[in-house]
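# Summary of structural features
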Amino acid sequence: MTTKINKQRVNIRENLQLTQKRIESAARTAGRDPHSVRLMAVTKGVEEARIVPALEAGQRLFGENYVQEASGKWPGLKTRYPDIQLHLIGALQTNKAKDAVMLFDAIDTLDRPALAQALAAAMQKTGRRPPLSIEVNLAGEAQKPGCAPAAIPALLQQAENLGLVVRGLMTVPPAGKNPEVYFKELANLARAHGFNHLSMGMSGDFESAIPCGATVIRIGTALFGARH
Ligand SMILES: *Cc1c(COP(=O)(O)O)cnc(C)c1O
């Protein structure tokens, strides 16, 4: 047995099918319509040549963590596959807001007033208006991005004042804890604020995010293999 993943042996098409089956099965078990859960392929650290097989297999929803990395890979791919939906799922610095607004079709990591301001200015300048989700930091982890649950109402009010479209919530639960508690909490927050976009669940825990109401799950490792 080897612990290193041989990139050549990762069959992305097969992994996509397998993951899709697991999504469908988790949805059915939870009494949900399988089409109500979308698979976002997370391609941080995945080079263009390994993204293409996912595109060829029909995958169109993608997530990237870093503006700079995404800027190198996606403009060319978007020309070849115009119906790609590319989401930013990593922390965004205000000085990259304009680049992010130009490249991404949605930004899922709005988490603070200064960023709302920068995004509004970038949208004004570029004329592009990618929809936003608020990233929520449910466990108050200092090293992690995300808005505290109690700060959501003020951030939403500010977004509304700036004319920003916020349509959902996303979260990454704390490592080493039962994620279900956090998935349920995010679902409750979404309900309280009238959102039906709920991005939660990754390779290791998506099957427990689906019964809690996830509408998007973000999968990297299970599709592309371990990151180096
Ligand atoms: C890397 C990443 C993922 C994918 O994680 P896997 O465990 O590889 O599936 C999902 N969401 C965010 C925010 C990430 O940074």
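The rules behind each value
Residues numbered from 1 in each chain as written. Predicted model: local features only at pLDDT ≥ 70, side-chain atom pairs only at ≥ 80, totals over all residues. Heavy atoms only, no water. Helix = DSSP H or I, 4+ residues; strand = E, 2+ residues; numbered from the N terminus. Rg over C-alpha atoms; globule rule 2.2 N^0.38 Å. Buried < 20%, exposed > 50% of the residue type's maximum accessible area, 1.4 Å probe, protein only. Contact = heavy atoms within 4.5 Å. Areas by Shrake-Rupley, 256 points an atom, 1.4 Å probe, with all protein chains shown as cover. Lys, Arg positive; Asp, Glu negative; His and termini not counted. Charge placed at Lys NZ, Arg CZ, Asp CG, Glu CD. Axes fitted to C-alpha atoms, helices over the stretch in contact; angles between N-to-C directions. Parallel < 35°, antiparallel > 145°, perpendicular 65-115°, else oblique. Left-handed = near helix turned anticlockwise from the far one by under 90°. Nonpolar A, V, L, I, M, F, W, Y, C, P; charged D, E, K, R; others polar. Core = buried A, V, L, I, M, F, W, Y, C linked by side-chain atoms within 4.5 Å. Arc of directions from axis to C-beta. Salt bridge = Lys/Arg side-chain N within 4 Å of Asp/Glu carboxyl O. Near = heavy atom within 4 Å. Polar contact = N/O pair within 3.5 Å; in protein donor to acceptor, adjacent residues only side chain to side chain.

### Topic: the overall build of the protein chain
Within the protein chain one finds nine helices and eight strands. Whereas a compact globule of 228 residues would reach a radius of gyration of roughly 17 Å, the protein chain reaches 17 Å, a difference of no more than 12%. When the 228 residues of the protein chain are sorted by exposure, 50% land in the buried category. Pairs at least 24 apart in sequence give 59% of the contacts found in the protein chain among residues at least 6 apart. Within the structure as shown, the protein chain displays about 11,300 Å² of accessible surface, and the carbon and sulfur contribution to it stands at 51%. Distance between charge centroids for the protein chain: 2 Å, based on 28 positive and 20 negative side chains.

### A look at the packing of helix α1 (residues 12-29) against helix α2 (residues 48-56)
Relative orientation of the contacting elements α1 and α2 amounts to 50 degrees, with a least axis distance of 8 Å. Between α1 and α2, the interaxial angle falls into the category oblique. The two elements α1 and α2 cross, and the hand of that crossing is right-handed. On the side of α1, the interface is formed by Ile12, Arg13 and Leu16, while α2 contributes Arg50, Pro53, Ala54 and Glu56. Of the residues contributing to the contact of α1 with α2, the split by class is four nonpolar, no polar and three charged.

### Some remarks on the nonpolar core
Counting 68 residues, the largest nonpolar core has Leu119 and Ile134 as the members making the most contacts within it. If you tally residues by element for this core, the top one is helix α5 (residues 113-126), at seven residues. Every residue in contact with leucine 119, bar those within four places of it in the chain, is listed here: Leu92, Ala97, Val101, Ile107, Leu110 and Leu132. Formed by six residues, the second largest nonpolar core is a distinct cluster that contains Val42, Leu61, Ile89 and Met170.

### So, helix α6 (residues 152-161)
For α6, the complete set of buried residues consists of Ile152, Leu155, Leu156, Gln158 and Ala159. Looking down the long axis of α6, one finds its buried residues gathered within 160 degrees of arc, a one-sided arrangement. Opposite its buried face, α6 presents the exposed residues Ala154, Glu160 and Asn161, each directed more than 90 degrees away. Positive phi shows up at glycine 163, right after α6, with a value of about 75 degrees.

### Describing the pattern of salt bridges
Tallied over the full model, the rule gives 10 salt bridges. The closest approach of N and O atoms between aspartate 111 and arginine 112, which form a salt bridge, is 2.8 Å. Look at aspartate 111 and you get buried, because its relative accessible area is 13%. Judged by its relative accessible area of 28%, arginine 112 is partly exposed. Among the ionic contacts, a cluster of salt bridges with common partners joins Glu64, Glu69 and Lys73.

### What to know about the site of the ligand
Around the ligand, the neighbouring residues are Val42, Lys44, Asn65, Ile89, Val172, Met202, Ser203, Arg218, Ile219, Gly220, Thr221 and Arg227. Asparagine 65 has a polar side-chain atom sitting 2.7 Å from an oxygen atom of the ligand. Serine 203 places a side-chain nitrogen or oxygen 2.5 Å from an oxygen atom of the ligand. Relative to its free-state accessible area of 390 Å², the ligand is covered by the protein chains to the extent of 88%.

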